[in-house]
Structure formats: structure tokens, C-alpha cells
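Coordinate inspection notes
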Amino acid sequence: MWGSLTSLNDVLIPYVQHVFKIELAASMLIQTAFFSAYFVFSIPASKIIDWIGYKRAIVAGLLTMVVACLAFFPAARIPSFPFFLAALIILATGITILQVAANPYVAVLGRPQTASSRLNLTQAFNSLGTTIFPWIGAHLILRTTAAAMAQSATQAADAVIKLYVYFFATALTLLAIGISLSRLPKMESAEHHIGEEVSDSIWKHPNLIFGAIAIFVYVGGEVSIGSSIANYLALDNIGSFLSPARFSDAATRYRAALGEAAKYISLYWLGAMIGRFIGSVLLQKIKPGKLLAFAAVMATALVVTSVLTSGHVAMWTILSIGLFNSIMFPCIFTMGIAELGPLTGKGSGLLNMAIVGGALLPVIQGVIADRVGLHHAFILPVICYLYILFYGLVGSKPNSERYA
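I will try to describe carefully the structure that is included in this document.

What counts and how
- Residues numbered from 1 in each chain as written.
- Predicted model: local features only at pLDDT ≥ 70, side-chain atom pairs only at ≥ 80, totals over all residues.
- Heavy atoms only, no water.
- Helix = DSSP H or I, 4+ residues; strand = E, 2+ residues; numbered from the N terminus.
- Contact = heavy atoms within 4.5 Å.
- Areas by Shrake-Rupley, 256 points an atom, 1.4 Å probe, with all protein chains shown as cover.
- Axes fitted to C-alpha atoms, helices over the stretch in contact; angles between N-to-C directions.
- Parallel < 35°, antiparallel > 145°, perpendicular 65-115°, else oblique.
- Left-handed = near helix turned anticlockwise from the far one by under 90°.
- Buried < 20%, exposed > 50% of the residue type's maximum accessible area, 1.4 Å probe, protein only.
- Core = buried A, V, L, I, M, F, W, Y, C linked by side-chain atoms within 4.5 Å.
- Nonpolar A, V, L, I, M, F, W, Y, C, P; charged D, E, K, R; others polar.
- Patch = residues over 30% accessible without salt bridge, like charges linked within 9 Å, V, L, I, M, F, W, Y side chains within 5 Å.
- Salt bridge = Lys/Arg side-chain N within 4 Å of Asp/Glu carboxyl O.
- Expected span 1.5 Å × (residues − 1).

1. Some details on the overall build of the chain
- When you go through the chain residue by residue, the secondary structure sums to 20 helices and 0 strands.
- In the chain, of all internal contacts separated by at least 6 residues, the share reaching a separation of at least 24 is 81%.
- Element-wise, carbon and sulfur atoms account for 69% of the exposed surface of the chain, whose accessible area totals about 17700 Å².

Dropping the structure here:
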């Protein structure tokens, strides 16, 4: 559910451009509002876990998302762009609470050795949402760009209301009721109750601190690549989708090529989904640090190959990175919260704060692209993957191994 709702931001951006007659830069406030909530509300979310526990925090996150979905009704009906941003901030707050509670809960819901396998499985279903719902959202809200431009604001608003208010609000309410009625086991060893003395600190666990940096660079690198794929593949020396003979003007040809290139974005995210299902099996037998290091090496090799080549070699190597990105977040997360005990909630909050890398690093890559060209701007993700390699081999060691 949270994968579906997160991916629909990409559909809302052209929608608000049409309805509110705003430029691309202003519409990107949708992503800014969404990602900023992770940074602002992750630590408060960890306090909620201390207060009411993991199960109730998961329910609280779902119900917050319900409120956000209902807020899309006035946002679409008025219509009001500030209302849209407010609804998205509330939605991201609910997703933040859900992630801060659910990710560590899944990690400690069994043997520590297979924690990464369990989180990979849940993240695979997250990727299922990000793969399917952009298509559904585009069909209901946008259909095609031409059809969307021909729609009236009322027709477009009805599509948003059907998706968010009728479908998602109902589904999330039923899910919240189902989880609240289910008998989920308590994780006393990983819970810290308010007023309880804990003779430990998250800053005494290097695997968590290095892990937060790893989450920052991973999300930043992944979003940088995903956000640039269409523009990258549309380059004449990469995708070669349209013959120069058909368009005398290079700018017109590039805009036309973008439509073809955008169809390939789903392959990037499909690779992430497939990789997570495979990773959930492999991590039953392979230590997460070793598999993370292997994935980082492969991702680095693919990016470097794409930067140093052109044509379909550059195209397919950049699209293949999704397969190796797949297991990175679950592995980093589970190794980051290893051996935290009652500090698990706080550690989860710190790791989720680091997701703000998805709002910062793509901007830096954009600046590099403006100066040296998009083809060579992918050197930034290479630096990110090299740090993840360090984390998999060295930085992820918990204190029991570090000080053995």
C-alpha cells in the first residue's frame, strides 16, 4: 500500500501542472513536501513506538494515511494546490510512522540471521505497488497527456477522488482494522517504554551510524538514477529511439524521444521487484553483508560501463541496476538496527530520517549534469555504491563482532 501511494506522486506532478497551470519547478514541490516529512517526522515516530508499541504504531500510521486520503477530496474539489501539499505531507507522515514501526518489527520477528530475508520479502511487495500503480494512476488520472489536457478540472478531480478517497481510504481502513484485531506477537526485547532507564545509546553502535549514511546515499543514488532514466535514454547516443531524418530540430526530436524512453522506466522498477523476491531466498543462506557488497560491486560496474559506453550497451546496463539496488535497503536497514535491543525504535527513526537523501542527491546530480552532461553525471551514484560496498564489508559489523 505504501509503495502504491508513494509511486503515485509521479502521476500527480503532471496532474497539478494541468489543473493549476503551474510550471514543472513548482509542481516538484510535491516531491519536496513528501520527502521532507521523512526527515521531520521519523524521530517523533520512534517516540510513538516507545509510547504505544509496534502494533499500535502500525495502526496509527495506517489511520494517518486514511486521513490524508480523505484530505484529497477538498484538495481536488476546490481545487487547491496548498491543500494538495498538505494532504501529501500528512500522507508521508503516516507512511513514515508505518515504516519506522513496520520495518524493525519485521526484522525482529524471527531469527536475526534471516532478518534481511524477511524485510526483502516485504520490500518486494512494496516494489509490486510501485510497478503497478503508476500505470493505474496514469490510466485513471492522466490516461494520456493529450487526453489529460482535454479534460475539464472537474473530470480530473473526480478521478483523483475515486482513487484516493474511495479506494485507498477504504482499503487502508480495512487494513488498519485487520491489523488491530490480529494477535501480533509483542517484541519486548526490542521495545523501550517511556520512563524506562536504558544504559545504552544509539551513538555507541557504529553499525547504525554508518547505516544511516548508507541509507542516505542508497536512496539518493537510486532516486538520482530513476529520475534521470527517461532523460538519459532519450539522448541520441544512448536510446536512439528516433531517426534524425524524421526531425530536423534536435530539441523537438528529444521531446519526442522522451515519450518512448519513459516506457522503459518500469523495467528499472520491475528489476527491483524481481531482485527482492530472489534476495529473500538468497538471504536465507548468504550473510547480508556479503550479498550487499556483491550488489554494490555489480551496481558500480554497471554504472561505470554505462558512463564509458553509448548506445544500447549504455541503455541496458543503466536499466539493469534496479536488479542490484533491490536488496540494498533491506540489508542496510536490518544490519543497521542489529543488536540495538530496546533502542530499535530510535535506530529505525534515525535510518528513516536518512531517506531525505532522495531529496538532496538528485539535485546535486542535476547540477553536475548541467555542467558536464547527463551521461557523465552518473559518477555520483558510483560514489554512493562505493560507500555501500564499504558498509557491507566493514561498517555493518555490530559491536559483538567489532569488539570481539
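This is not the end of the story, as more comes after the structure.
2. What about the packing of helix α9 (residues 206-233) against helix α13 (residues 311-319)?
- Packing of α9 against α13 leaves a shortest axis separation of 11 Å and a crossing angle of 160°. As the angle between them shows, α9 and α13 are arranged roughly antiparallel. The two elements α9 and α13 cross, and the hand of that crossing is left-handed. Facing α9, whose interface residues are Ile-225, Ile-229, Tyr-232 and Leu-233, α13 presents Ala-314, Met-315, Ile-318 and Leu-319.

3. Let's talk about the side chain of Ser-4
- Counting through the fold element by element, Ser-4 comes out in helix α1 (residues 2-7).
- For Ser-4, a relative accessible area of 4% puts it in the buried group.
- If we ignore the near neighbours within four places in the chain, the residues touching Ser-4 are Gly-129, Thr-130, Phe-133 and Phe-168.

4. A look at the nonpolar core
- Ranked by internal contacts, the top residues of the largest apolar core, which has 115 residues, are Phe-84 and Met-328.
- No other element matches the 21 residues that helix α4 (residues 29-77) contributes to this core.

5. Points about the packing of helix α5 (residues 81-107) against helix α15 (residues 328-336)
- Viewed as axis vectors pointing N to C, α5 and α15 meet at an angle of 80°, and their least axial separation amounts to 10 Å. Classified by the angle between their axes, α5 and α15 sit roughly perpendicular to one another. For the pair formed by α5 and α15, the contact residues are Gln-99, Asn-103, Pro-104 and Ala-107 on the first element and Phe-329, Phe-333 and Thr-334 on the second.
- Within the contact of α5 with α15, the residues separate by chemical class into 4 nonpolar, 3 polar and no charged.

6. Let's talk about the side chain of Ser-224
- With respect to the helices, strands and loops of the structure, Ser-224 is situated in helix α9.
- Those residues in contact with Ser-224 that sit more than four places away from it in its chain are Leu-361, Pro-362 and Gln-365.

7. A few points about the environment of Arg-56
- Inspection of the secondary structure assignment puts Arg-56 in helix α4.
- For Arg-56, a relative accessible area of 58% puts it in the exposed group.
- In this structure, the C-alpha to C-alpha distance between Arg-56 and Ile-179, residues 123 residues apart in sequence, is 8.8 Å.

8. Observations regarding a nonpolar patch on the surface
- Together, Leu-267, Leu-270, Ile-274, Ile-278, Leu-282, Ile-286, Trp-316 and Leu-323 make up a nonpolar patch on the protein surface, roughly 610 Å² of accessible area in all.
- Of all the elements, helix α11 (residues 265-282) adds the most residues to the nonpolar patch, at 5 residues.
- Within the secondary structure layout, Leu-270 lies in helix α11.

9. Thoughts on helix α19 (residues 379-395)
- When the terminal C-alpha atoms of α19 are compared, their 22 Å separation across 17 residues agrees well with the 24 Å that a helix rising 1.5 Å per residue should span.
- Within the span of α19, buried status applies to Leu-380, Pro-381, Val-382, Cys-384, Tyr-385, Tyr-387, Ile-388, Tyr-391, Gly-392 and Gly-395.

10. A short note on unusual backbone geometry
- With an omega of -25°, the peptide bond running from Ile-78 to Pro-79 counts as cis.
- Mapped onto the secondary structure, Pro-79 falls in the loop between α4 and α5.
- A positive phi angle, near 65°, is found at Glu-339, a position not held by glycine.
- Within the fold, Glu-339 resides in the loop between α15 and α16 (344-353).
- Overall, Glu-339 belongs to the partly exposed group, its relative accessible area being 43%.

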